[in-house]
Amino acid sequence: MEKSFYITTPIYYPSGKFHIGTAYTEVLADSIKRYKKLRGYNAYMLTGLDEHGQKIQQVAISKGLTPKEHVDQMAEDAKKLWELMDIQYDDFIRTTDERHEKAVEKIVNKFIENGDIYKGEYEGWYCMPCETYFTESQLVDGKCPDCGREVKRMTEESYFFNMKKYQDRLIKFYEENPGFIQPEFRRNEIFGNFIKPGLEDLCISRTTFDWGIKMPNDPKHVLYVWVDALTNYITALGYMSDDDTLFKKYWPADLQIVGKDIIRFHGIYWPIFLMALGIELPKEIYAHGYIVMKDGKMSKSKGNVVYPEMLIERYGLDATKYYLLRNMTFGQDTLFTPEDFVELFNSDLANDLGNLLNRTIGMINKYFGGIITPADDSNNVIDTDLRNFTNEQIEKVEEFLDTYHISNGLAQIWTIISRTNKYIDETMPWTLAKEENKERLAEVMFNLAENLRKVAVLIAPFLPQTSEKIFLQLGITDSNLKTWDSLKNKKIEANTKIIEKGEPLFIRLDKDEEIEYIRTHMK
Ligand code: MSP
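Computed from a predicted model, the values in this text were never measured in an experiment.

Participant: Can you walk me through the environment of Ser241 in this structure?
Facilitator: In this fold, Ser241 is placed in the loop between helix 8 (232-235) and helix 9 (245-250). A polar atom in the side chain of Ser241 sits 2.7 Å from the backbone oxygen of Gly238.

Spelled out as structure tokens, the structure:
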């Protein structure tokens with residue numbers, strides 16, 4: 001039976017235009033889905049929007065729209081951006097979808113039947129933009145610890161979810177599943193700082209606004225965002241609906257990607273909701289870091305927001321994706337600077353990869369009229385060394401990608417590219433041509449083409465357009481030569497005719513000009 005792989009992104013708040021931070025989460029999930037597909041999995045990716053809540057209602061009012069008109073517009077915009085970024089999601093859930101609202105009502109009824117919910121009075125410091133209450137001790141200088149804005153003391157009648165009831169089970173689960181939250185330091189943070197010291201019950205309803213799903217037993221309350229939001233991962237699969245085929249097929253999720261800002265909700269409330277429903281917990285939740293700017297978080301008021309459209313229009317989709325995926329290391333925050341963007345473009349894409357392809361295509365045309373002659377594995381030490389090195393690196397790439405260390409995986413792929421460039425210097429094809437050593441020259445050309453083919457396979461999940469361009473220039477049309485397995489058991493066939501004149505993959509950027517361009521196009 002085909003192995004399945006279910007991957008989810010957070011559902012984003014449709015409160016404003018998405019910046020490269022949101023785009024990064026989406027690209028990361030899309031790349032992992034593509035990788036899994038290439039490895040033979042039946043991969044399914046869910047993304048969507050978290051459309052309820054006070055903040056969305058406020059944004060809509062400020063634009064003179066109803067909340068529904070506002071979120072409809074935002075959903076269009078989000079889908080347009082994901083199309084521009086060629087994101088291969090399988091489903092796009094909106095929490096205003098009828099399928100979601102109906103299932104959430106049933107879920108809440110189940111919580112009520114279980115005796116997990118009680119009515120109480122909530123008092124706390126409330127941050128409107130973050131829609132979160134904080135305790136006194138969580139505030140930083142009397143302000144919201146997440147966004148730094150003013151908080152308001154508020155009291156209201158609310159429903160609560162009895163988290164304490166599940167505390168022991170959650171502790172046991174964490175102890176038995178040490179890899180549940182990645183990276184490990186996040187897991188330790190959540191376990192040590194929040195779970196071990198004792199859970200607070202969670203307030204799950206509000207009466208202060210009405211843009212949300214109503215509490216089934218008490219409609220003056222609307223569900224406060226986390227029950228509504230987190231359950232999207234299962235309602236999208238048809239959980240609690242007439243047709244739960246997808247739920248049966250894909251749940252539990254193999255990987256849930258979130259930003260570090262919301263790992264607490266995914267590491268504590270989400271598993272407890274699932275325990276209360278009696279369904280399995282996801283296999284892994286991965287919290288990535290934030291993209292930050294020199295002067296802190298991206299914000300419109302600082303004018304330091306980078307939008308993905310700007311980078312894509314000027315530098316192309318693959319270059320934008322490469323920057324995001326290569327620059328963000330596993331779980332850590334990463335600084336965005338125009339200098340790094342341009343530098344990485346020039347060194348990795350234009351120089352290393354672009355030149356390797358260009359030189360190879362040029363030489364095969366010049367020396368062999370564009371025909372690749374296949375060679376058996378030669379015993380030449382330089383060739384053996386190149387082959388062994390490449391095979392070893394492929395193993396390492398797999399290890400990194402299988403644990404979702406995408407940046408490390410790409411770095412490893414680039415060592416193959418550098419090694420192959422070095423192979424040209426070592427074999428000196430121009431000297432072989434002068435000496436008319438056609439046999440050796442053909443061998444060298446074949447090894448170059450083969451390594452480029454392998455690189456095209458390896459980068460396919462991350463830079464699919466570039467990968468296709470390389471295949472095209474090498475004259476590779478057979479899909480059997482594009483599979484992951486082909487890295488180990490296939491080679492370019494006899495008399496493959498390459499392109500006569502290849503377009504450069506990436507044209508070197510003028511450093512100063514482009515740094516200035518990016519800087520002046522932040523908003
Ligand atoms: N709606 C909730 C999530 C509910 S999931 C059941 C939410 N939405 S959000 O619009 O604020 O998006 C949060 C996500 O966007 C983060 O978890 C992260 O994945 C991504 N990012 C937002 N800003 C980011 C950066 N500056 N850098 C990287 N990712 C960022 O929270």
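Participant: What exactly am I supposed to notice about the site of the ligand here?
Facilitator: Ile11, Tyr13, Thr25, Asp50 and Ile291 are the nearest of the 22 residues found near the ligand. Ile11 has a polar backbone atom sitting 2.8 Å from a nitrogen atom of the ligand. Between a nitrogen atom of the ligand and a side-chain N or O atom of Asp50, the distance comes to 2.7 Å. If the ligand stood free it would expose 660 Å²; the protein chains cover 91% of that surface. Those elements giving two or more residues to the shell around the ligand turn out to be strand 1 (4-12), helix 1 (20-38), helix 7 (225-230) and helix 8. Here the shell around the ligand is composed, by residue class, of twelve nonpolar, eight polar and two charged.

Participant: I tried to follow the side chain of Asn42 on my own but got confused; where do I start?
Facilitator: For Asn42, the position within the fold is in strand 2 (residues 42-49). Looking at Asn42, its side chain comes within polar contact range of the side chain of Tyr250, at 3.1 Å. If we ignore the near neighbours within four places in the chain, the residues touching Asn42 are Glu2, Lys3, Ser4, Phe5, Lys249 and Tyr250.

Participant: Even after reading the chapter, I still don't get the pairing of strand 3 (residues 91-94), so can you show me in this structure?
Facilitator: Every other side chain in a regular strand lies on the same face of the sheet, so the side chains alternate between the two faces. Of the two faces of strand 3, the one carrying Asp91 and Ile93 and the one carrying Phe92 and Arg94 are both buried. As paired strands, strand 2 and strand 3 are joined by four bridges and run parallel to one another. Across the sheet, residue Thr47 finds its bridge partner in strand 3, namely Phe92.

Participant: Help me understand the sheet that holds strand 8 (residues 202-203), please; the structure alone is not making it clear to me.
Facilitator: Hydrogen bonds along the backbone pair up the strands of a sheet, which may run parallel or antiparallel. With respect to topology, four strands assemble into an open sheet ordered 5-4-6-8, the strand pairing being antiparallel. Strands at the two margins of the open sheet, each flanked by one partner only, are strand 5 (132-134) and strand 8. When strand 4 (residues 117-127) meets strand 5, the two strands line up antiparallel, connected through three bridges. Bridge pairing in strand 5 links Tyr126 to Tyr133.

Participant: What am I meant to see in the nonpolar core here?
Facilitator: Burial of nonpolar side chains together is a common tendency in soluble globular proteins. Grouped together as the largest cluster of nonpolar side chains are 104 residues, with contacts concentrated most on Phe336 and Trp414. Considering every element that reaches this core, the biggest residue donor is helix 13 (residues 338-368), with 14 residues. Contact partners of Trp414, with chain neighbours within four places excluded, come to Tyr322, Asp348, Leu349, Asp352, Leu353, Ile459 and Leu463. Counting 61 residues, the second-largest nonpolar core is a separate cluster that includes Leu170, Ile181, Tyr224 and Ala229.

How each quantity is defined
Residues numbered from 1 in each chain as written. Predicted model: local features only at pLDDT ≥ 70, side-chain atom pairs only at ≥ 80, totals over all residues. Heavy atoms only, no water. Helix = DSSP H or I, 4+ residues; strand = E, 2+ residues; numbered from the N terminus. Polar contact = N/O pair within 3.5 Å; in protein donor to acceptor, adjacent residues only side chain to side chain. Near = heavy atom within 4 Å. Areas by Shrake-Rupley, 256 points an atom, 1.4 Å probe, with all protein chains shown as cover. Nonpolar A, V, L, I, M, F, W, Y, C, P; charged D, E, K, R; others polar. Contact = heavy atoms within 4.5 Å. Buried < 20%, exposed > 50% of the residue type's maximum accessible area, 1.4 Å probe, protein only. Pairing = 2+ DSSP bridges. Core = buried A, V, L, I, M, F, W, Y, C linked by side-chain atoms within 4.5 Å.

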